[in-house]
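# Geometric and topological summary
Take a look at the letters that make up each chain.
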Amino acid sequence: MATIRSFIRREPVLIIAALAAVISCFFVHPDAAYASYIDFRTLALLYCLMTVIAGLRGAGLFASLAHALCEKAGSLRTMGVLLVLMSFVSSLLITNDVALLTFVPFAVVVLGMSGHGKELIYVVVLQTAAANLGSMLTPVGNPQNLYLYSYYGMSFGEFLSVTFPIWALSLLLILAACFLLPKEKLSVFLGEEPGLEKGKLWLYGVLFAVCLLVVLRICDWSLMLAAVAVALLIFDRRMLLKADFMLLLTFVAFFIFAGNLARVETVDILLRRLIAGHELAAGIAASQVISNVPAALLLSGFTDDARALILGVNIGGLGTPIASLASLISMKLYSHSEHAHTGRYLLVFTAVNILLLGLLCGTHALLPN
């Protein structure tokens, strides 16, 4: 029982998705059409990107980059800007959760060693918002983007035309928030620069390029999956199990649930009427309750307005801590730091997220469609 309770606490979204999928099966009995619910291209891309990025991280790429940049910081403000920008920029390629797993622990160490622990909450909150907003730019930045990009059959240029204006605005807001940090002198010795495993770096660099070719629809996803599987079996088989399989199962469960809902005519008509013309608001609102990945999976089956839904579930990553699962990662990492104040963290997190959410929603209304 203790193991089951622990699993439920760790994977609440998966549990909810699985229950919803099972319940929906009583209304639409399993048949051959179930296979058409599953977006195998998205699942294959997610799996390959997760394993390849884990390999790049294991090769020391991100730790080396963080070490090199932060050694150049002479003040607390400069250090804060670098830590936050690393989360913002890296997230558009390595995903928001990996960016936070990489750079939040680095912030905890650097600010703790330099005697600036009191500013840690604000920096980690900004890193979290930066990773969630920075990742919106590209299809590979987060799972919901990868799914919606594939589901709506968008070109890379079309996707960027949707996300770039609000992404650029987000960058300006994040930078402005960084300048609230005091410009105090900062001195910290980070030790020797972490080593790079060049052989693994080349291997995963090539595999990452293959994944990008699939994103750009130059290469077939089945060839990518075979290439990644064979390469890892030969050179680094440990990485075959480094993917977040619970996330992949969550996707499968929501595919089944959403597919079954769409086949119940009255539900399909009702949801389409409720969502039509309100995709942005629906994406933001649903994300606050079930997080933005499930919101994208659920709402996409009931609207053709890809642009509004993409913006809704990405902007919707701001707000409550569960609006983006990546936010829960950084909160957990902070809570394990020395002298952590989780209550204060939640207050600062909520204030910053609500402010950014309000500013982005307000300015989006002024942008040309």
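Let us look at the structure shown here. This is a predicted model, so every value here is computed, not measured.

### Things to note about a positive patch on the surface
Together, Arg5, Arg9, Arg10 and Lys332 give the surface a local cluster of positive charge. Per-element tally for the positive patch: the top contributor is helix 1 (residues 2–10), with 3 residues. Structurally, arginine 10 can be placed in helix 1.

### Overview of the packing of helix 5 (residues 76–94) against helix 7 (residues 120–134)
Contact geometry of helix 5 with helix 7 gives a least axis separation of 7 Å together with a crossing angle of 20°. Compared by their axis directions, helix 5 and helix 7 come out roughly parallel. Handedness of the crossing formed by helix 5 with helix 7: right-handed. Across the interface between the two elements, Leu83, Val84, Ser87, Phe88, Ser91 and Leu92 of helix 5 pack against Val123, Leu126, Gln127, Ala130, Ala131, Leu133 and Gly134 of helix 7.

### Topic: the side chain of asparagine 132
Positionally, asparagine 132 belongs in helix 7. One polar contact links asparagine 132 to serine 324, side chain to side chain, over a distance of 2.8 Å.

### Some remarks on the state of the cysteines
Applying the stated criterion across every chain, the model contains 0 disulfides. No disulfide involves cysteine 48; its sulfur sits 5.1 Å from that of cysteine 211, the nearest cysteine.

### Some words on the pattern of salt bridges
Counted by the stated rule, this structure contains 4 salt bridges. Across the pair glutamate 197 and lysine 200 runs a salt bridge, and its minimum N-O distance is 3.6 Å. A cluster of three or more residues bridged by salt bridges with shared partners is formed by Glu197, Lys200, Asp236 and Arg238.

About the thresholds
- Residues numbered from 1 in each chain as written.
- Predicted model: local features only at pLDDT ≥ 70, side-chain atom pairs only at ≥ 80, totals over all residues.
- Heavy atoms only, no water.
- Patch = residues over 30% accessible without salt bridge, like charges linked within 9 Å, V, L, I, M, F, W, Y side chains within 5 Å.
- Areas by Shrake-Rupley, 256 points an atom, 1.4 Å probe, with all protein chains shown as cover.
- Salt bridge = Lys/Arg side-chain N within 4 Å of Asp/Glu carboxyl O.
- Lys, Arg positive; Asp, Glu negative; His and termini not counted.
- Charge placed at Lys NZ, Arg CZ, Asp CG, Glu CD.
- Helix = DSSP H or I, 4+ residues; strand = E, 2+ residues; numbered from the N terminus.
- Axes fitted to C-alpha atoms, helices over the stretch in contact; angles between N-to-C directions.
- Parallel < 35°, antiparallel > 145°, perpendicular 65-115°, else oblique.
- Left-handed = near helix turned anticlockwise from the far one by under 90°.
- Contact = heavy atoms within 4.5 Å.
- Polar contact = N/O pair within 3.5 Å; in protein donor to acceptor, adjacent residues only side chain to side chain.
- Disulfide = S-S within 2.5 Å.

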